[in-house]
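Coordinate analysis (summary)
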Amino acid sequence: MKSKRNLYVLALGVFGITTTEFGVIGVLPEIASAFHISIEKAGWLLSVFALIVAIFGPFMLMLFSSFKRKNLLIASLFIFAAANILSAYIGNFYLLLAVRMIPAFFHPVYWSIALSVAGATSDPTDKSGAVSIIFFGLTLATVLGVPLATLMSDLFSWQSSFLLTAFINIIALIGVQFLLPAIGKETEAPMAFDFKIFRNKNLWIGLLIAFFTIAAMYSTYGYMADFLKNVTHMNGKQISIMLFMFGTVGILGNKIAGKYMSRFPLQTTCIFLVLLAVIHILIYAYGSYFIPMIWIIAFWGLIHSGGFLISNMNVTSSVSGSSEFINSIFTSCGNFAVTTGTLLGGFWIAHYGIEHIIGSSIIVIVLALMVLFIKTQLSK
């Protein structure tokens, strides 16, 4: 699989499954209102999904290790589409939460295969560039998936946002079925699971950096729609536009992160964390002002989008071994971080109010910088 086209096909699937995971971000206020629950409880739809991925990621990969990769990709997308259709017709919050958990088991299967294919079929000097194409699917979910789901909820109902997400997954399934060739033998070998890599301190440092980075990102971003609604006083259509702009500028941010992580990984990670902290401070200072927040959201999207790619490269470059297994570990770590960040954000809102949500992110950013400092000292 030498063609970049195949990587973009895989990215299309990432777009589908990531829209399922994060598409609820812009719909949480409507779901909370519909089921008469608090916003932090509605946030379980995001955090529990991510928790399932975090806990079961490597085990799901081991369970399906003997299956053909392309068949696994197609099956995963089918399950995502079916779960979204069911979600649109559920009238009980806990049943909705249970149905949301089903595709979460297959999320790490798709992610791990896609990332390992990108790494195995790219030039070693341009691995981050190939991986950035896969993460383009995540960026596209931020650009189109989340804001479109929010807009559908505002124009019609929250149920329509799930139907839209199901449609996106069906399109991704068709793309993978007809455009993706059989995955080459170099990635069709049985998956290797060498648990000895957990003895490597570099892996743990990479995982800690990834965990704190992603937790910091989603502690605030997970409640972005609620913040814009209650602090900046934007309506549904305006929030959709802001989410669209957030993701659009993120395309550039993802490319920048991919470009510099190959050459300056430590410096790029440090600059990212510092800029992320600055953005959150600006959100706190100017969050109630409409026009300044438009500019802040644009720069926020530019910075935020590179977080997953930067975190992935910190993990995968820290140790050698089975790329699928390492990527499954990263996927688990990343989603555990999303769970932690979302729960921390919900806790912060419950105790200090939505207007102070950025405090939770700042604390975790400081922890990420501390671990990064330890990494730089050990690398000398």
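Residues numbered from 1 in each chain as written. Predicted model: local features only at pLDDT ≥ 70, side-chain atom pairs only at ≥ 80, totals over all residues. Heavy atoms only, no water.

1. Remarks on the overall build of the protein chain
Across its full length, the protein chain carries 17 helices and zero strands. Its C-alpha radius of gyration of 19 Å places the protein chain within 12% of the 21 Å reference for a compact globule of 380 residues. Principal-axis analysis of the C-alpha atoms places the extent of the protein chain at approximately 55 × 50 × 30 Å. About 15200 Å² of surface is accessible on the protein chain, with carbon and sulfur atoms providing 71% of the total. Side-chain charges of the protein chain comprise 20 positive and 12 negative groups, with the mean position of each set lying 9 Å from the other. (Helix = DSSP H or I, 4+ residues; strand = E, 2+ residues; numbered from the N terminus. Rg over C-alpha atoms; globule rule 2.2 N^0.38 Å. Areas by Shrake-Rupley, 256 points an atom, 1.4 Å probe, with all protein chains shown as cover. Lys, Arg positive; Asp, Glu negative; His and termini not counted. Charge placed at Lys NZ, Arg CZ, Asp CG, Glu CD.)

2. Here we look at a nonpolar patch on the surface
The grouping of Ile-85, Tyr-89, Leu-163, Phe-167, Ile-170, Ile-171, Ile-174, Phe-178 and Leu-179 at the surface amounts to a nonpolar patch, some 910 Å² of accessible area in total. Here the nonpolar patch takes seven residues from helix α9 (residues 158-179), the largest share from any one element. One can find Ile-170 in helix α9. A residue is classified by how much of its surface remains accessible, and Ile-170, at 36% relative accessible area, is partly exposed. (Patch = residues over 30% accessible without salt bridge, like charges linked within 9 Å, V, L, I, M, F, W, Y side chains within 5 Å. Salt bridge = Lys/Arg side-chain N within 4 Å of Asp/Glu carboxyl O. Buried < 20%, exposed > 50% of the residue type's maximum accessible area, 1.4 Å probe, protein only.)

3. Description of the environment of Leu-163
Examined against the element boundaries, Leu-163 turns out to sit in helix α9. Its relative accessible area of 37% is what places Leu-163 among the partly exposed residues. Between the C-alpha atoms of Leu-163 and Ile-279, which are 116 residues apart in sequence, the distance is 33 Å. Among all residues touching Leu-163, those that are not within four sequence positions of it are Ile-85, Ala-88 and Tyr-89. (Contact = heavy atoms within 4.5 Å.)

4. Considering the confidence of the model for the protein chain
On average, residues of the protein chain score 82 in pLDDT, and 90% of them reach the 70 mark or higher. Per-element confidence in the protein chain ranges from a low mean pLDDT of 75 for helix α8 (residues 127-155) to a high of 93 for helix α13 (residues 265-286). (pLDDT = per-residue confidence, 0-100.)

5. A word on the packing of aromatic side chains
Inspection of every chain in the model, using the stated rule, returns 16 aromatic pairs. For the ring pair Phe-56 and Phe-105, a centre distance of 5.0 Å and an interplane angle of 55 degrees mean the geometry is tilted. On the criterion of sequence distance, the pair formed by Phe-56 in helix α4 (residues 44-63) and Phe-105 in the loop between α6 (93-104) and α7 (107-120) is long-range, its members being 49 residues apart. The class of Phe-56 is partly exposed, set by a relative accessible area of 32%. A network of ring pairs unites the aromatic residues Phe-35, Phe-93, Tyr-94, Trp-158 and Phe-162 as a single cluster. (Phe/Tyr/Trp six-rings, centres within 6.5 Å; stacked < 30°, edge-to-face > 60°.)

6. Side note on the packing of helix α5 (residues 69-87) against α6
Contact geometry of α5 with α6 gives a least axis separation of 8 Å together with a crossing angle of 170 degrees. Taken together, the axes of α5 and α6 lie roughly antiparallel to each other. Of α6, the residues touching α5 (which contributes Ile-79, Phe-80, Ala-83, Leu-86 and Ser-87) are Leu-96, Val-99, Ile-102 and Pro-103. Here the contact of α5 with α6 is composed, by residue class, of eight nonpolar, one polar and no charged. (Axes fitted to C-alpha atoms, helices over the stretch in contact; angles between N-to-C directions. Parallel < 35°, antiparallel > 145°, perpendicular 65-115°, else oblique. Nonpolar A, V, L, I, M, F, W, Y, C, P; charged D, E, K, R; others polar.)

7. Remarks on the nonpolar core
One recurring pattern in soluble globular proteins is that nonpolar side chains are buried together. Within the largest apolar cluster, 119 residues are counted, with the highest numbers of intra-cluster contacts made by Leu-10, Phe-22, Tyr-110, Phe-135, Tyr-218, Leu-228 and Phe-308. The greatest single-element share of this core, amounting to 13 residues, is contributed by helix α10 (residues 201-221). For Tyr-218, the contacting residues outside a window of four places in its chain are Phe-22, Ile-25, His-304, Phe-308, Val-338, Gly-341 and Thr-342. Grouped together as the second largest cluster of nonpolar side chains are five residues, Leu-140, Ala-141, Leu-164 and Ile-168 included. (Core = buried A, V, L, I, M, F, W, Y, C linked by side-chain atoms within 4.5 Å.)

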